[in-house]
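# Per-entry structural report
Chain by chain, the residues run as shown.
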Amino acid sequence: MSVRIALSISIILKFYRKFCLYIHMTTFPFLQMHPVQRIIYAFGHRTFSHLLPKKHLACSVMSTPSDARNMSSFVIATESSDKGMIILNRPKALNALNLEMVRKVYKHLKKCELSKSMVIIKGAGEKAFCAGGDVRAIVETGPTEDSKAFFREEYTLNALIGNYIIPYVAIIDGITMGGGVGLSVHGKYRVATERTLFAMPETAIGLFPDVGGSYFLPRLQGKLGLFLGLTGFRLKGEDLLKAGIATHYCESAKLEDLQNDLLNCKDADTVQEILEKYNTPTKKEFVLNEVMDKINTCFTADSVEEIFENLKKDGSDWANKTLETLNKVSPLSLKVTFRQLNLGSQLLLPQCLKMEYRMVVRHLEDSDFKEGVRALLIDKDQKPKWNPPTLESVTQERVDSFFQKLPDTEELKV
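The text that follows walks through the structure, step by step, so that each part is easy to find. (Residues numbered from 1 in each chain as written. Predicted model: local features only at pLDDT ≥ 70, side-chain atom pairs only at ≥ 80, totals over all residues. Heavy atoms only, no water.)

## A look at the overall build of the protein
The condition is simple: Secondary structure elements follow DSSP: runs of H or I of four or more residues count as helices, runs of E of two or more count as strands, with numbering from the N terminus. The buried label goes to any residue with under 20% of its type's maximum accessible area, the exposed label to any with over 50%, and the partly exposed label to all in between, with areas taken from a 1.4 Å probe on protein chains only. Contact definition: two residues touch when any of their heavy atoms are within 4.5 Å. Using a 1.4 Å probe, the Shrake-Rupley method yields the accessible areas, and only the shown protein chains count as cover for residues.
The helix and strand tally for the protein stands at 18 helices and 12 strands. The buried share among the 414 residues of the protein stands at 57%. Within the protein, contacts between residues separated by at least 24 positions form 74% of all contacts whose residues are at least 6 apart in sequence. On the protein, roughly 18700 Å² of surface is accessible, and the fraction owed to carbon and sulfur atoms is 53%.

## Some details on empty space enclosed by the protein
The test is simple: Space inside and on the surface of the protein is sampled on a 1 Å grid over the protein atoms alone, with a cavity defined as a set of points where a 1.4 Å probe fits but cannot get out and a pocket as an open set with protein on both sides within 12 Å along at least 5 of 7 lines; lining residues have an atom within 4 Å of a point. Grid points are joined across faces, edges and corners, and a volume is the space filled by probe spheres set on the points. Ten residue types, Ala, Val, Leu, Ile, Met, Phe, Trp, Tyr, Cys and Pro, are classed as nonpolar, four, Asp, Glu, Lys and Arg, as charged, and the remainder, Gly among them, as polar.
A complete count under the given rule lists one cavity of 30 Å³ or more for this structure. Looking at the largest cavity, its volume works out to about 40 Å³. Lining of the largest cavity is provided by Ile172, Thr176, Val181, Ser184, Val185, Arg190, Phe198, Leu240 and Ile245. Across the lining of the largest cavity, the residue classes tally to six nonpolar, two polar and one charged.

## Quick notes on the pattern of salt bridges
What counts, and what does not: Basic side-chain nitrogens of Lys or Arg form a salt bridge, by our definition, when they fall within 4 Å of a carboxyl oxygen of Asp or Glu.
Tallied over the entire structure, the rule returns 20 salt bridges. Between Arg358 and Glu411 there is a salt bridge; the shortest N-O distance is 3.0 Å. Taken together, the positions of Arg358 in helix α16 (residues 349-365) and Glu411 in the segment after α18 (396-401) put the pair 53 residues apart, joining distant regions of the chain. A relative accessible area of 16% means that Arg358 is categorised as buried. Under the relative-accessibility criterion, Glu411 is labelled buried at 6%. Among the charged side chains, a network of salt bridges with common partners joins Glu371, Arg374, Asp379 and Asp381.

## Some points on the pairing of strand β5 (residues 118-123)
Just so we agree on the cut-off: When DSSP locates at least two bridges between a pair of strands, those strands are taken to pair. Clockwise travel from the first strand over the helix to the second, with the strands pointing away from the viewer, marks a crossover as right-handed.
The element β5 is extensively covered by neighbouring structure, given that six of its six residues are classed as buried. The sheet contact formed by strand β4 (residues 83-88) and β5 spans six bridges and is parallel. Bridge pairing links Ile86 to Ile121 in β5. Chirality of the crossover, the property in question, places the unit of β4, helix α3 (residues 99-115) and β5 among those that are right-handed.

## So, the packing of aromatic side chains
Heads up, the rule is: Centres within 6.5 Å are what make two rings of Phe, Tyr or Trp a pair, Trp counting through its six-membered ring; a difference in plane orientation under 30 degrees is then read as stacked, over 60 as edge-to-face, and the rest as tilted.
Taken as a whole, this structure holds seven aromatic pairs when the rule is applied. Look at Phe227 and Phe299: their rings are 5.5 Å apart centre to centre, the planes differ by 90°, and that puts the pair in the edge-to-face class. Here Phe299 lies in the loop between α12 (292-298) and α13 (304-314) and Phe227 lies in helix α8 (residues 224-231), a separation of 72 residues in the sequence. Side by side, Phe227 and Phe299 carry an identical accessibility label, which is buried. Taken together through their ring pairs, the aromatic side chains of Phe150, Phe151, Tyr155 and Tyr357 make up a single cluster.

## Focus on the nonpolar core
Short version of the rule: Put simply, a nonpolar core is a bunch of buried Ala, Val, Leu, Ile, Met, Phe, Trp, Tyr and Cys residues held in one set by side-chain atoms that sit within 4.5 Å of each other.
Ranked by size, the top nonpolar core spans 96 residues in total, and within it Leu109 and Phe299 carry the most contacts. Leaving out residues up to four positions away in the same chain, Leu109 has contacts with Ile86, Val119, Leu157, Leu160, Ile161, Tyr164 and Tyr168. Counting 20 residues, the second-largest nonpolar core is a separate cluster that includes Ile87, Tyr189, Cys265 and Tyr278.

Below, the structure written as structure tokens:
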């Protein structure tokens with residue numbers, strides 16, 4: 001009899017703990033204040049100084065009791081019933097990714113794929129979902145095994161998200177650039193808000209739109225993806241939905257209700273219905289609607305040089321501003337990106353990521369990457385010295401070198 005009583009008490013306590021955990025996650029979010037000042041994160045990330053916040057803000061972070069004891073973690077992984085949640089918890093750094101974070105997100109996603117019916121990923125604070133990945137430390141240390149590991153494991157994570165079995169909901173509230181795009185755009189559901197700021201600005205730092213950019217950019221309407229990839233043009237709010245980058249648009253004031261409804265939904269079959277309930281875009285035209293014909297005309301070309309010529313012939317204010325932007329970024333990056341996106345339009349996501357890993361290893365060895373990060377993130381003089389300095393001096397042989405196969409033991413396995 002005593003054994004039965006002990007077992008009964010054990011079962012009751014087990015369910016009571018689960019009930020308390022569920023109530024805690026869905027009803028009482030843990031609030032934590034984080035002052036975010038207008039500074040570049042000490043280690044740098046894929047963004048620009050003028051995009052950093054100017055005010056202090058309060059960061060709302062959901063946590064379990066165990067998480068509360070480990071708030072130093074940059075990734076908070078919580079579970080509620082049969083749902084999983086991942087919170088990028090570096091609000092002072094605009095939730096920029098490092099290798100530790102990539103590994104934790106990957107580990108939790110693998111676990112949830114086998115045991116949960118849905119996963120939500122979001123960023124702590126009101127300024128950013130994820131501003132990108134750490135690049136300053138990478139370029140300063142050179143092509144080390146650690147720097148290669150960051151990109152290798154980041155791209156492996158992107159591949160996992162792109163082929164995730166259960167619903168994956170990315171709440172892209174705030175700045176979403178570089179690595180943050182890779183954490184969201186390949187998932188089934190991407191929820192933007194009026195605070196969302198999207199860009200792939202890699203050509204400005206001598207890199208290329210990676211994290212699967214070669215897959216999703218060419219698949220946007222017309223030549224929009226090529227335009228975004230070459231210029232780093234920023235999209236805001238519901239324009240992400242109209243561009244096809246987000247799947248839904250929800251006002252930030254309703255995110256908590258959306259999140260609670262998702263965590264309380266019966267099963268994965270109701271996720272789409274819930275997201276549609278909160279999807280409230282306006283009838284306002286897409287920000288680039290008036291120039292889409294120009295984008296399609298000017299960026300339909302066989303080379304970057306031809307794009308420049310098309311823009312010069314157009315002669316409109318938009319064309320002149322676009323030329324001004326393109327003249328500031330790395331000529332080498334422009335040509336590499338042009339070829340990357342052309343190739344990616346014919347490849348599957350895993351093939352694109354494999355190609356991009358070859359490219360990023362070459363960029364770590366010899367490219368404008370280090371100089372771009374120096375000029376924009378370290379010295380901040382905004383005066384990069386590109387090598388070669390002009391489009392005409394970038395040879396086809398130089399471009400081809402970034403796409404060469406790596407030794408079999410170093411190729412990305414996805």
